[in-house]
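An overview of the molecular structure
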Amino acid sequence: MKKEMNLIDALNHLLLSKEIIDLELYDKAVYQINDLLILVQKENREEISNFLWKFKTIFQIKKGYIQAFSLIKNKEYLDSWALLAELETDIVLLEKNIDDIFSQKYKVFFYKEMVKNWQSLFPYKIFFSMGFTVKYYLCSICSEVVKPRNRCKHKKGMLYNGELCFHIGGEIEEIKEISVVRTPMQKICIPLIDYDYSIVDYVSERLQHPFDGWVPVKSKRTLKRSDFDHLDEDAICPCQEEMTLFKDCCFNKDKIELPHIDILFEKSLPPELENEIIRIGKKVLTNSI
């Protein structure tokens, strides 16, 4: 117990600091925690094993968020989007296994909110989703076959001696369909088309540090139909509600509502930068129509 507590105490400062963003330090911390986790698992000390898994996971989430911020700043949009989707999944699994004390201490709510905020800025609205049949599933903990009337004692998504339970699919029998959806299970399957990332850039260029605070405030702007006379009827409708064609949506309306986002930045900005934001903001709005 003393060895585990010494490691946790030594790494708490790194985990709770907003200033330290050296990814190598977080990698080393994860390796240290994982090595200790393996030792404790062999001794079947389930309570300590489960805590070490949670501790390692929040380290991985923080490291991933710092890395995603760097990718966004470098305009590596697809890689940053894939990492944000991975973080979203990791946070969901972590939240299933923690209490409010852990969540508040290690700011899990912050990462959950910021991942969602960044995702809201990306222009991806439709995704591909594959449907297929699987012959059977195995429990990752006990390797028993999982069936509706024959389930083992382990629950999917829960921790057992520092190991997460999940169901392993075996023998994919048939790929039934590939659908276009708005709310996929996996958010990384997107059509490769020419996207407009100006809003993502607008926010990332205003931030200097991954833990600088900001909040998107969504609203609607109503514009005259004549503002879209230049838009072809076979283009995606500017309302962006269902990503349908203009001719099948708002083409014959007198007025059209567009999604609009205002960004509230936590840190005050110098006057010259505020003027730059206004200029860029106008450009973003112009590009949107």
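Bear in mind the structure is a predicted one, so any value in this text is a computation, not a measurement. (Residues numbered from 1 in each chain as written. Predicted model: local features only at pLDDT ≥ 70, side-chain atom pairs only at ≥ 80, totals over all residues. Heavy atoms only, no water.)

Observations regarding the packing of helix α4 (residues 77-95) against helix α6 (residues 108-121)
Applied cut-off: In this description, a line fitted to the C-alpha atoms serves as the axis of each element, helices being fitted only across the stretch in contact, and the angle between N-to-C directions of two axes falls anywhere from 0 to 180 degrees. Note on conventions: DSSP H or I runs of at least 4 residues are helices, E runs of at least 2 residues are strands, and numbering of each starts at the N terminus. Here a crossing is called left-handed whenever its near helix is offset anticlockwise from the far helix by less than a right angle, and right-handed whenever the offset is clockwise. Any two residues whose heavy atoms approach within 4.5 Å at even a single point are treated as in contact. Gly is put with the polar residues, along with every residue not named as nonpolar or charged; the nonpolar set is Ala, Val, Leu, Ile, Met, Phe, Trp, Tyr, Cys and Pro, and the charged set is Asp, Glu, Lys and Arg.
The contact between α4 and α6 brings their axes to 10 Å, and the two run at 145 degrees. In terms of crossing hand, the pair formed by α4 and α6 is left-handed. Here α4 contributes Trp81, Leu84, Ala85, Leu87, Glu88, Ile91, Leu94 and Glu95 to the contact with α6, which in turn contributes Val108, Tyr111, Lys112, Val115, Trp118 and Gln119. Residues belonging to the contact of α4 with α6 are distributed by class as follows: 10 nonpolar, one polar and three charged.

What about the environment of Ser120?
Relative to the elements of secondary structure, Ser120 occurs in helix α6. Between the C-alpha atom of Ser120 and that of Val200, which follows or precedes it by 80 residues, the distance is 9.2 Å. Ignoring any residue separated from it by four or fewer positions in sequence, one finds Ser120 in contact with Pro216, Lys218 and Ile261.

Section: the confidence of the model for the protein chain
Put simply, the test is: Every residue is assigned a pLDDT by the predictor, reflecting its confidence on a scale from 0 to 100.
Model confidence for the protein chain is summarised by a mean pLDDT of 87, while 91% of its residues fall at 70 or above. This model gives residues 277-289 a pLDDT under 50, and the stretch forms 21 contacts once residues within four places in sequence are excluded.

Overview of the nonpolar core
Here is the rule: Definition used in this section: a nonpolar core is a set of buried Ala, Val, Leu, Ile, Met, Phe, Trp, Tyr and Cys residues joined via side-chain atoms within 4.5 Å. Classification of residues uses two cut-offs on accessible area relative to the type maximum, computed with a 1.4 Å probe and protein chains only: under 20% is buried, over 50% is exposed, and between them is partly exposed.
Membership of the largest hydrophobic core comes to 58 residues, with the highest contact counts inside it found for Ile58, Phe59, Trp118, Phe122, Tyr124, Val203 and Trp214. Of all elements in the fold, only α1 (2-16), α2 (23-42), α3 (46-73), α4, α6, α7 (198-204) and β7 (255-265) reach the threshold of two or more residues within this core. Here this core takes 13 residues from α3, the largest share from any one element. In contact with Trp214, not counting residues within four places along its chain, are Met114, Asn117, Trp118, Leu121, Val203, Leu207, Ile263, Leu264, Phe265 and Glu266. With eight residues, the next largest nonpolar core counts Cys237, Cys239, Phe246 and Leu258 among its residues.

Here's the deal with the side chain of Asn97
Put simply, the rule is: The definition of a polar contact used here is a pair of N or O atoms within 3.5 Å, where within protein one atom must be able to donate a hydrogen and the other to accept one, and adjacent residues in sequence count solely through side-chain atom pairs.
Within the fold, Asn97 resides in the loop between α4 and α5 (100-105). From its side chain, Asn97 meets the backbone nitrogen of Leu159 in a polar contact 3.0 Å long. Other than its neighbours up to four places away in sequence, Asn97 contacts Lys54, Gly157, Met158, Leu159 and Leu164.

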